[in-house]
Amino acid sequence: MTITQNIPTNVSHDPIGDPLGSSQRAQLDHLVVLASDLAQGVTWCEQVLGVTPGPGGKHPLMGTHNRLFSIASAAFPLAYLEVIAIDPEAQNAVPGRASRWFDMDSAALQQDVAAHGPKLIHFVARVPRIDAAVAALAALGIDRGRVLDASRATPAGLLEWRIGVRDDGARLFDGALPTLIEWGAVHPAATLGTSGVTLTQFSVQHPDHAALAQAYQAIGLGAPVQAGAARLEAVLDTPRGSVRLCA
C-alpha cells in the first residue's frame, strides 16, 4: 500500500445551508473492531459472529494490518467489518506521524482489548467529496485530520482511496465521530462476497449529542444521535443469531 499526503489548497463549496450539495451524503462504510493481534481477532469472529474473516491488507504508514468481511444489508449497502491490529512485522508509524489511527496507541485501549478481547471501537463513513466534508467539519471547529491519498494492490485490481487522518490518531467524540473516507473506482466490498452476517441496526449516543449531531449534519450523515454516555451500538444478524456489539 502506498500513501501520500494531500492537503487541498482550494475547496469548492455548494451554497451555504447545504455545503456538501443535496446528493453528497455520507454513509456508514465500515465498523472497526480492534484486536491485540489478528489471530485473536479471527478467533473472536468465529466464536462470536460465526464467520471467518477474509484476507485484508497491510498499512505500512500506520504499522497495522487487517481482516475483512461483508456486513452489507439493504439499510447499509457496501458495509463491511474490519478487524484491525498492530502489525508485529512492521515498524512503528514512520517519522512525521505521532500515532496510529483509531487511537490504537492508547495504552488504556490496548489493555482493555488484551484483558477482555476484541471490541468495536469506531466506524468509518464514506463520503463522495472528502475535501468538502473535512472543510465542513473545520467550519465547526472540528479537525478531522489531513487528507491522505492511499492505494493497495489486490488480486482484483488496485484499490484507491482518500482518508482523513489526524497526526495524533484521535477518533474524536469517543469514537462516535467517524473517520472519513472517499473511495476510488472500486470499493473493497465489491470483492468480499456475502458472509452470512448483515448489519441491521446502528445507533449512537453521546453526552455532547448536540455538537455531534451538528457534525453529522455537516457531512450529511443520517445516523441519529441520542443523549447519554458515549456509546456505539451495532446489531448484526449472524449465523449465531442476533449479536449486539457495543463501544
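Scroll up a little and you will see the structure.
Conventions and cut-offs
- Residues numbered from 1 in each chain as written.
- Predicted model: local features only at pLDDT ≥ 70, side-chain atom pairs only at ≥ 80, totals over all residues.
- Heavy atoms only, no water.
- Helix = DSSP H or I, 4+ residues; strand = E, 2+ residues; numbered from the N terminus.
- Buried < 20%, exposed > 50% of the residue type's maximum accessible area, 1.4 Å probe, protein only.
- Contact = heavy atoms within 4.5 Å.
- Areas by Shrake-Rupley, 256 points an atom, 1.4 Å probe, with all protein chains shown as cover.
- Salt bridge = Lys/Arg side-chain N within 4 Å of Asp/Glu carboxyl O.
- Expected span 1.5 Å × (residues − 1).
- Polar contact = N/O pair within 3.5 Å; in protein donor to acceptor, adjacent residues only side chain to side chain.
- Pairing = 2+ DSSP bridges.
- Axes fitted to C-alpha atoms, helices over the stretch in contact; angles between N-to-C directions.

Let's talk about the overall build of the chain
When helices and strands are tallied, the chain shows four helices and 13 strands. Relative to its 247 residues, the chain shows a buried fraction of 48%. Taking contacts inside the chain between residues at least 6 apart in sequence as the whole, the part at least 24 apart equals 67%. For the chain, the exposed surface amounts to about 11,100 Å²; the carbon and sulfur share of it is 52%.

Observations concerning the pattern of salt bridges
Tallied over the full model, the rule gives 14 salt bridges. Across the salt bridge formed by Arg 231 and Glu 233, the nearest N and O atoms sit 2.9 Å from each other. By relative accessible area, Arg 231 is classed as partly exposed at 32%. Judged by its relative accessible area of 15%, Glu 233 falls in the buried class. Linked through salt bridges whose partners overlap, the residues forming this network are Asp 131, Asp 149, Arg 162 and Glu 182.

Thoughts on helix α1 (residues 38-49)
Relative to the 16 Å expected for 12 residues at 1.5 Å per residue, α1 spans 15 Å between its end C-alpha atoms, a close match to the ideal helical length. The secondary structure elements touched by the buried residues of α1 are β2 (27-34), β4 (64-70), β5 (80-86), β12 (231-238) and β13 (241-246). Near the N-terminus of α1, the side chain that reaches the backbone nitrogen of Ala 39, with its oxygen 3.1 Å away, is that of Asp 37. Once α1 finishes, Gly 50 follows within two positions and takes phi at roughly 75°, a positive value.

Things to note about the sheet that holds strand β10 (residues 198-206)
An order of β11-β10-β12-β13 is seen for the four strands of this open sheet, with the pairing classed as mixed. The sheet terminates laterally at β11 (225-227) and β13, the two strands that pair on one side only. With strand direction ignored, the average angle separating the axes of adjacent strands in the sheet is 25°. Alignment of β10 against β12, held across seven bridges, turns out to be antiparallel. Bridged to Ser 203 within β12 is Glu 233.

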